[in-house]
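# Structural description and commentary
The residues making up each chain are set out below.
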Amino acid sequence: MALDSLGQLTEIVTISLVSTSVALMPPYLLATIGEIYAEQSGVINIGVEGIMVLGAFLGFFGQYVSSSATVGFLTAAIGGAVLALLMSYLTVTRLRNQIVIGLGIYFVGFGLASYLNTILFPGGTPPRIDTLSAVAIPVLSDIPILGRVLFTQNVVVYLSLLLAPVAAYVLFRTAIGREIRSVGEDPGVADSLGVDVFTLRYACLIVGGILAALAGAYLAQGVSGRFSRFIVDGRGFIVLGLVIVSLWDPRKAVLVVFAISLLDSVQIRFQSAFPDAPIQLLAMLPFVATIVILVVIRLVGSIGQDMPDALATNYERGDTQ
């Protein structure tokens, strides 16, 4: 009898842990897919963290003033697109250093979100908003264990999980995807074959910016129900590592992101069970795991085979690379 009760308790805890991990996937997964597209076109945007922070504030504020989660996400998407457009203009058109501009985008996004929060909520802590409700999918949610883990999540979780195979199909199975990858491999050759290098890089960066902003908005609208300037908590920088770990493939990103989200979930549970434990050490888990995986992959030697050859390299017509 005691063993049966222990087994049931273990099952409940495991299901709860994995279900929470799945619910925490969208911030990583959306931003990672967006950055994969940007980097596959040859542009690295290290300002993802700043775009996520701005997206978190705009999503929170949009829902707060409209009482609509959809308006919040749309507001965040617009803000992400604007920052990505700025990044595109400075790197693709003006040919400025991608790393330097990306760092500037980070500071702009973070600073603008903090400033707007101070101006619009001068009293200090902003009010709470309702977080996204879980939507159980009929029939599928009744599947033992799997149903409770995968099919009782909110809409954004479902959409982000569906986005991964769609993004992979577009990138690896369509003509536009081949053009994107050709621009990231050798923009000079792609340009000579009639591929619009500049438009594709603009488009991929903007898609990446929108997805990063939506990722940040989810943290406010789907997880915490409020905004703080530290709400993203380094996830944008982790995303840069996840892109490499997933070898620039949205399908592999799903598994990698789940592993990191699982660590996030463990961290939350551990902190709840042991409130006196040093939170800094627990918060390091996703960072340490990403670094360890990066080192292992680098030792195996597969990163160079999958990394776009022209990554972080600006292109000017007539440039032979």
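Everything that follows concerns the structure shown earlier in this document.
Before going into details, it helps to say that this report is about the structure given with it. (Residues numbered from 1 in each chain as written. Predicted model: local features only at pLDDT ≥ 70, side-chain atom pairs only at ≥ 80, totals over all residues. Heavy atoms only, no water.)

## Description of the overall build of the chain
Summing up its helical and strand segments, the chain has 15 helices and zero strands in all. Over its C-alpha atoms the chain spans a radius of gyration of 20 Å, differing by no more than 12% from the 20 Å that the globule rule assigns to 321 residues. Oriented by its inertia axes, the alpha-carbon framework of the chain measures out at about 75 × 50 × 40 Å. Every one of the 321 residues in the chain was classed for burial, and the buried ones make up 48%. For the chain, restricting intrachain contacts to residue pairs at least 6 apart in sequence, the fraction spanning at least 24 positions comes to 77%. Carbon and sulfur atoms provide 68% of the accessible area of the chain, an area that totals close to 15,200 Å². Within the chain, the 20 negative side-chain charges are centred at a point lying 3 Å from the centre of the 16 positive side-chain charges. (Helix = DSSP H or I, 4+ residues; strand = E, 2+ residues; numbered from the N terminus. Rg over C-alpha atoms; globule rule 2.2 N^0.38 Å. Buried < 20%, exposed > 50% of the residue type's maximum accessible area, 1.4 Å probe, protein only. Contact = heavy atoms within 4.5 Å. Areas by Shrake-Rupley, 256 points an atom, 1.4 Å probe, with all protein chains shown as cover. Lys, Arg positive; Asp, Glu negative; His and termini not counted. Charge placed at Lys NZ, Arg CZ, Asp CG, Glu CD.)

## Quick notes on helix 4 (residues 69-93)
Its 25 residues give helix 4 an end-to-end C-alpha distance of 35 Å, which sits within 8% of 36 Å, the value for a rise of 1.5 Å per residue. Count one or two residues on from helix 4 and you reach Leu 95, which has phi positive near 60°. (Expected span 1.5 Å × (residues − 1).)

## Side note on the environment of Ser 66
Following the sequence through the fold, Ser 66 ends up in helix 3 (residues 48-66). Along the chain, Ser 66 and Arg 94 lie 28 residues apart, while their C-alpha atoms are 38 Å from each other. A polar side-chain atom of Ser 66 sits 2.6 Å from the main-chain carbonyl oxygen of Gly 62. (Polar contact = N/O pair within 3.5 Å; in protein donor to acceptor, adjacent residues only side chain to side chain.)

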